[in-house]
Amino acid sequence: MLDSIRKTEQEFDVALAAAASHADLEALRVRFFGRKGGAVHALFAELKAVPAERKKEVGEALNQLRDSLEARLREKLDASAAEENARKQARSSIDVTLPGRTPSFGSLHPITIVRREIEQIFREMAYSIDPGPEVETDWYNFEGLNFTPDHPARDTQDTFYLGPELLLRTHTSNVQIRTMEKAAPPFKVLSAGRVYRRDEITLRRSPMFHQVEGFFVDRGVHFGHLRGTLEHFMRRVFSPDTEVRFRPSYFPFTEPSAEVDISCPFCHGKGCGTCSKTGWMEILGCGMIHPQVLRNCGIDANEWSGFAFGLGIDRVAMIKFGMPNIRTLFENDLRVLRQF
Ligand code: DAH
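Residues numbered from 1 in each chain as written. Predicted model: local features only at pLDDT ≥ 70, side-chain atom pairs only at ≥ 80, totals over all residues. Heavy atoms only, no water.

Quick look at the overall build of the protein
What counts is decided by this rule: Each helix corresponds to a stretch of at least 4 residues labelled H or I by DSSP, and each strand to a stretch of at least 2 residues labelled E; elements are numbered beginning at the N terminus. Here the globule rule is a power law, 2.2 Å times the number of residues to the power 0.38, and the radius of gyration is based on C-alpha atoms. Residue exposure (1.4 Å probe, protein chains only): buried if accessible area is under 20% of the type maximum, exposed if over 50%, otherwise partly exposed. Contact between two residues is taken to exist if any of their heavy atoms lie within 4.5 Å; hydrogens are not considered. All accessibility values rest on the Shrake-Rupley procedure with a 1.4 Å probe; residue burial counts only the protein chains present in the view. For the charge count, each Lys or Arg is scored as positive and each Asp or Glu as negative, with His and the chain ends excluded. For this purpose, a charge sits on NZ of Lys, CZ of Arg, CG of Asp or CD of Glu.
Looking only at helices and strands, one finds eleven helices and nine strands in the protein. Relative to a compact globule of 340 residues, whose C-alpha radius of gyration would be 20 Å, the protein shows 45 Å and is clearly more extended. On the principal axes, the C-alpha backbone points of the protein span a range of 135 × 45 × 40 Å. For the protein, buried positions account for 39% of its 340 residues. Considering only intrachain contacts with a sequence separation of at least 6, the fraction spanning at least 24 residues in the protein is 66%. By element, 53% of the accessible surface of the protein is carried by carbon and sulfur atoms, the whole surface being about 19200 Å². Charged side chains in the protein number 45 positive and 46 negative. The centres of these two groups are separated by 5 Å.

What follows is the structure in structure tokens.
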């Protein structure tokens, strides 16, 4: 019997040393400790046949065998489980030595860049910023601004009507009436936003574009203030050597009215393809606010006077960034937008 015990132990040693996987160890456990046909179990069964005077000795040897095999098997099983755990963790854990991925940041749209720049220039001159509504009534877009009932701009061919009363504003001049109607002068307001006209898309035109409107109403405001303000504005937006010239023009809401040209930013007045060899570029409309417009807003035109101007942000952006086509600003081609 003691021989069998020793033999079983040796077999166990060999099998344990050869066990390479968790499955091998499990097979080993069944082979030696299985309830049915397990080698250790079988030895215990044989104990019954051992003569009484040797039972104690053999029994102790058997207990020792069982304890020692069990302990060694447990040790191996634990080691194997720990190894498996480590392998799993290595597969799923974060490798902190990998180089990081930089998140990609968006950038400001060129129109936004120019709009903010213009707003900043006027903020420095104590103007307040008010974008005003894009959906407007006839009063704020036309009537209050002194447009005659038969003015061509009111035509459904030119203006998007949303119903009998509502339309999409055709210019940012609506903000003049909205501001002057609800408060008392003086006013210094700059308004930038989208405007809409029923235009075909061409190199220079789009049915939706952006304008800036500025106006200043106070006692004693005259054309010199307008000229000085616009010269400063143009030299800040373009370059400090920009020349500004005023040509007489007509708008229903200003009297006198003017159109303003700047010396061509590309050839500095020498004449090039972009300015059609004239050395000048038309950039904005302006004038002294018509007394009737002031009266329409309940302002005494004998006491107060003001100037106003309006220009296209898109056009400024096209000139500043050398874009020949207005569509470049609205197509949202990432290859373009990423350059800003
Ligand atoms: N509203 C005019 C337009 O859309 C631009 C303009 C001209 C605005 C003269 C003004 C102004 O305030 O005084 O073409």
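Brief notes about the nonpolar core
Counted only if it meets this: Nonpolar core, defined: a set of buried Ala, Val, Leu, Ile, Met, Phe, Trp, Tyr and Cys residues in which side-chain atoms within 4.5 Å join the residues together.
Residues Phe 233, Ile 283, Leu 284 and Phe 309 are the most contacted members of the largest nonpolar core, which totals 44 residues. Beyond its immediate chain neighbours, meaning those up to four positions away, Phe 233 contacts Ile 118, Ile 121, Phe 122, Leu 284, Phe 309 and Leu 311.

Some thoughts on the pairing of strand S8 (residues 280-289)
Short version of the rule: We treat two strands as partners when DSSP finds at least two bridges between them.
Counting buried positions along S8 yields eight of ten residues, so the element is predominantly enclosed. Note that strand S7 (residues 254-263) and S8 share eight bridges and pair antiparallel. Paired with Ile 262 across the strands is Met 281, a residue of S8. In the sheet, S8 pairs with strand S9 (residues 305-312) via five bridges, with the strands oriented antiparallel. Paired with Gly 285 across the strands is Gly 310, a residue of S9.

Comments concerning the sheet that holds S8
Working definition: the strands of a sheet are paired by backbone hydrogen bonds and lie parallel or antiparallel to each other. Worth spelling out the cut-off: Whenever a helix is involved, its axis is fitted only over the stretch in contact; in every case the axis is a line through C-alpha atoms, and angles between N-to-C directions fall within 0 to 180 degrees.
Strand order in the open sheet formed by seven strands is S1-S4-S5-S9-S8-S7-S6, with mixed pairing between adjacent strands. With partners counted over all chains shown, the strands left at the sheet margins are strand S1 (128-129) and strand S6 (244-251), one partner each. Across the sheet, helix H10 (residues 313-321) lies against strand S4 (187-196), strand S5 (208-218), S8 and S9, angled at about 55° from S9, the strand it touches most.

Brief notes about the packing of aromatic side chains
The cut-off we apply is this: Classification of ring pairs rests on two measures: the distance between centres of Phe, Tyr or Trp rings, Trp counted by its six-membered ring, which must be within 6.5 Å, and the angle between planes, read as stacked under 30 degrees, edge-to-face over 60 and tilted in between. Both a distance and an angle decide whether a charge sits over a ring: NZ of Lys or CZ of Arg must be within 6 Å of the ring centre and within 35 degrees of the ring normal.
Scanning the model with the defined rule gives twelve aromatic pairs in all. Three or more aromatic residues link up through ring pairs in this structure, and these residues are Phe 122, Tyr 127, Phe 216, Phe 233, Phe 307 and Phe 309. Its end group placed over the ring of Tyr 140, Arg 178 keeps NZ or CZ at 3.9 Å from the ring centre. Positioned over the ring face of Phe 216 is Lys 188, at 5.2 Å from the centre of the ring.

Remarks on the site of the ligand
Counted only if it meets this: Any residue with a heavy atom positioned within 4 Å of a molecule or strand is treated as near that molecule or strand. Any pair of N or O atoms that falls within 3.5 Å is considered a polar contact. Within protein, one atom must be able to donate a hydrogen and the other to accept it, and sequence-neighbouring residues count only if both atoms are side-chain atoms. Here a cavity denotes a set of grid points, spaced 1 Å apart and computed over the protein atoms alone, in which a 1.4 Å probe fits but from which it cannot get out, and a pocket denotes an open set meeting protein on both sides within 12 Å along at least five of seven lines; residues with an atom within 4 Å of a point are reported as lining. To be counted as sitting in a cavity or pocket, a molecule needs more than half of its atoms within 2 Å of that site's grid points.
Close to the ligand lie 15 residues; His 171, Ser 173, Arg 197, Gln 211 and Glu 213 are nearest. Within the side chain of Ser 173, one N or O atom sits 3.0 Å away from a nitrogen atom of the ligand. Within the contact set of the ligand, an oxygen atom lies 3.3 Å away from a backbone nitrogen or oxygen of Phe 309. The fraction of the free accessible surface of the ligand (360 Å²) that becomes covered by protein chains is 89%. In this structure the site holding the ligand corresponds to the largest pocket. The set of elements that each furnish at least two residues to the shell around the ligand consists of S5, S8 and S9.

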